[in-house]
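The chain contents come next:
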Amino acid sequence: MNFSGSHILSIDQFDRGDVETIFNVADKMAPFAKRDSITKVLDGAILGSMFFEASTRTRISFGSAFNLLGGSVRETTGFEHSAIAKGESLYDTARVLSGYSDVIVMRHPENGSVLEFSKASRVPVLNGGDGTNEHPSQALLDLYTIKNELAFRGRNIDRLRIAMVGDLKFGRTVHSLCKLLALFKDIRVVLVSPEELKMPRELVEYLKEQGQEVIESDALEESISNVDIVYSTRIQEERFKSQEEADIYRGRFRLNQTIYTANCEPNTVIMHPLPRDSREHARELDDDLNDNPNLAIFRQTDNGVLVRMALFALVLDVEHEINSSARDTIWYTAGRSL
Ligand code: CP
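Only a predicted model underlies this, so the values are computations on that prediction, with no experimental measurement involved. (Residues numbered from 1 in each chain as written. Predicted model: local features only at pLDDT ≥ 70, side-chain atom pairs only at ≥ 80, totals over all residues. Heavy atoms only, no water.)

**Describing the nonpolar core**
The cut-off we apply is this: Remark: nonpolar core denotes a set of buried residues (Ala, Val, Leu, Ile, Met, Phe, Trp, Tyr, Cys) joined through side-chain atoms within 4.5 Å. Accessibility here uses a 1.4 Å probe with only protein chains present; expressed as a share of the type maximum, an area under 20% marks a residue as buried, one over 50% as exposed, and anything in between as partly exposed. Comment: elements are numbered from the N terminus, with helices defined as DSSP H or I runs of at least four residues and strands as E runs of at least two. In this description, contact between two residues means that some pair of their heavy atoms is separated by no more than 4.5 Å.
Ranked by size, the top nonpolar core spans 69 residues in total, and within it Ile22, Ile162, Met164 and Phe312 carry the most contacts. With 10 residues, helix α12 (residues 297–315) is the single largest residue contributor to this core. Ignoring anything within four residues of it in the chain, the contact list for Ile22 reads Phe3, Phe14, Leu140, Val307, Ala310, Leu311 and Leu314. Within the second largest apolar cluster, 19 residues are counted, among which are Ala163, Val165, Val227 and Ile259.

This is the structure in structure tokens:
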């Protein structure tokens, strides 16, 4: 695809070459994310950051990514701080905000809302998560992490074996990740969920049509015994009719060190898009995994900055200019590593 000036709304936009392009640019962002160097390639540019649902990682890492490229961020969080609360349409909001920004990142609780917004926007729009539909930048950072974890083990993404665990019905990260994995070869996807929270049929069928192997199960321990990656997900309680309904499923698929040791191969990578629900009745990834070197959840969050920097650089067409204004940092950087 031609990234310059494009909206990034869905994994459907990408082919395998596009994904490799994003990852190659992301690799080049490491010195800036590690604070070895700074670049001002987006000096003067403004990111409009509009998050109408709760977010820690996506909102802050998109903002940090833009700052690390030298740009500034203007934020709106929550409907209550937006004129949408006074009845303003997405169309009008997009027309107005695209006059104030060079690029916009948006999260919204309704499926298709970011697409609708993008149609009225005069600048590129990046989807920070729309309802249960998609979370494309999360899937890209997840796959970038998978690529790096496998490279450390002398492997590449083709022939990956991955178990996706938890709320596969409402979890938008796994929806985007399935579409992304479908671009690669000989992938085995084990889908572990309660019957009521299974992966949407169209995504299962799509994976199969693309030649991937799909196994569905409601049993955790037998499903994680022959995989490279266990990708755990949170019960998306905000999508249920009531907390009581979400409580039925909470804590159903807990992974802790004992279960990991008993069932997983020694180098199985543990991933989660986060936030993990660490409350006592959930504990989907137990704290006792925190010292497990195969727990990649904070490598995922660090990689999110690189991948989001790459998306901005590509969409704003500066990927070849990032070093033109680079200089060494002069402040204490804590010996940060990625
Ligand atoms: N993974 C993710 O989307 O996290 P946030 O909700 O904190 O942005």
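Now, onward.
**Observations regarding the site of the ligand**
Using the following cut-off: Only heavy atoms are used to decide nearness, and a residue is near a molecule or strand if one of them lies within 4 Å of it. Any N or O atom pair separated by 3.5 Å or less is treated as a polar contact, with the protein-specific requirement of one donor-capable and one acceptor-capable atom, and with residues adjacent in sequence counted only for side-chain atom pairs. Note on areas: Shrake-Rupley with a 1.4 Å probe; residue coverage comes only from the protein chains shown. For the domain bounds, the source is a domain assignment made automatically or taken from a database.
Near the ligand the following residues occur: Ala54, Ser55, Thr56, Arg57, Thr58, Arg107, His135, Gln138, Pro273 and Leu274. With respect to the ligand, the side chain of Thr58 contributes an N or O atom lying 2.6 Å from an oxygen atom. At 2.9 Å, a side-chain N or O of Arg107 approaches an oxygen atom of the ligand. Compared with its free state, where it exposes 250 Å², the ligand has 91% of that area covered by protein. Two domains share the shell around the ligand, each providing at least three of its residues, namely domain 1 (11–134 + 301–328) and domain 2 (136–298).

**Regarding the sheet that holds strand β8 (residues 213–217)**
How we decide: In this scheme, strands are said to pair when DSSP sees at least two bridges between them. Helix axes are fitted to C-alpha atoms over the stretch in contact, other axes to C-alpha atoms as well, and angles between N-to-C directions run from 0 to 180 degrees.
Reading across from one edge, β8-β7-β6-β9-β10 is the order of the five strands in this open sheet, with parallel pairing throughout. The open sheet is flanked by β8 and β10 (269–271), the only strands paired with a single partner. In this sheet, neighbouring strand axes are inclined to one another by 15° on average, regardless of whether the strands run parallel or antiparallel. The sheet contact formed by strand β6 (residues 161–165) and strand β9 (residues 229–232) spans four bridges and is parallel. The partner of Val165 across the bridge, within β9, is Ser232. Sheet strands in contact with helix α6 (residues 136–152) are β6, β9 and β10, and its direction is about 165° off that of β10. The strands touched by helix α7 (residues 172–181) are β6 and β9; relative to β6, the strand with the most contacts, the crossing angle is about 160°.

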